[in-house]
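Next come the chains, spelled out residue by residue.
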Amino acid sequence: MGGTEQCWLNITYNYAKFWEKAFGEKGHIRGIYGKSAVDTIPILEKAISNLGDDVDDNYWKPTEGNVKAALIQLLALAKLRPDGIWEGD
């Protein structure tokens, strides 16, 4: 009851050095902004598959695994609300 209809995830700027590896040359997380969640599912799946699994207990530490974990969370949101539109910054 009540609450919010918004979903959000804080992705630290420390992850920026991995965007090209995740999203391809000149790729960036901002590439999903303004798109419907359903349209970004394949984009997120590909980005996830491009990254390693070196997750650190410190979410803010810039590792491929931490970036991958954040993108997996975005993918889960996209699948839960495919009608959503991504916003950022």
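Residues numbered from 1 in each chain as written. Predicted model: local features only at pLDDT ≥ 70, side-chain atom pairs only at ≥ 80, totals over all residues. Heavy atoms only, no water.

> What is the right way to look at helix H2 (residues 37-49) in this model?
Helical geometry note: an α-helix holds 3.6 residues per turn, so side chains three or four residues apart project in the same direction. Between its first and last C-alpha, H2 extends 18 Å over 13 residues, near the 18 Å set by a 1.5 Å rise per residue. Along H2, the helix axis deviates most sharply at Ile43, where the bend reaches about 25°. What H2 keeps buried is the set Ala37, Thr40, Ile41, Leu44, Ala47 and Ile48. Tucked into the core, H2 has its buried residues touching helix H1 (19-23) and helix H3 (64-80). (Helix = DSSP H or I, 4+ residues; strand = E, 2+ residues; numbered from the N terminus. Expected span 1.5 Å × (residues − 1). Bend = angle between axes of the 7 residues up to and from the residue. Buried < 20%, exposed > 50% of the residue type's maximum accessible area, 1.4 Å probe, protein only. Contact = heavy atoms within 4.5 Å.)

> Can you help me understand the pattern of salt bridges in this one?
Between side chains of opposite charge, a pair can form as their charged atoms come close. For the coordinates displayed, the defined rule picks out six salt bridges. With a closest N to O distance of 2.7 Å, Asp89 and Arg30 form a salt bridge. Here the residue Asp89 occupies a position in the segment after H3, and Arg30 occupies one in the loop between H1 and H2, the gap between them amounting to 59 residues. Judged by relative accessible area, which is 44%, Arg30 ranks as partly exposed. Among the ionic pairs, Asp83 bridges to Arg81, the shortest N-O distance being 2.6 Å. For Asp83, a relative accessible area of 48% corresponds to the partly exposed category. You can call Arg81 partly exposed: its relative accessible area is 49%. (Salt bridge = Lys/Arg side-chain N within 4 Å of Asp/Glu carboxyl O.)

> Help me understand the packing of aromatic side chains, please; the structure alone is not making it clear to me.
For any pair of aromatic rings, the description consists of the separation of the ring centres together with the inter-plane angle of the planes. As enumerated under the stated definition, the model contains three aromatic pairs in all. Between Tyr59 and Trp60, the aromatic rings sit 5.0 Å apart at their centres with planes inclined by 85°, giving edge-to-face as the arrangement. Of the residues examined, Trp60 reaches a relative accessible area of 41% and is grouped as partly exposed. Clustering of aromatic rings is evident, with ring pairs tying together Tyr15, Tyr59 and Trp60. (Phe/Tyr/Trp six-rings, centres within 6.5 Å; stacked < 30°, edge-to-face > 60°.)

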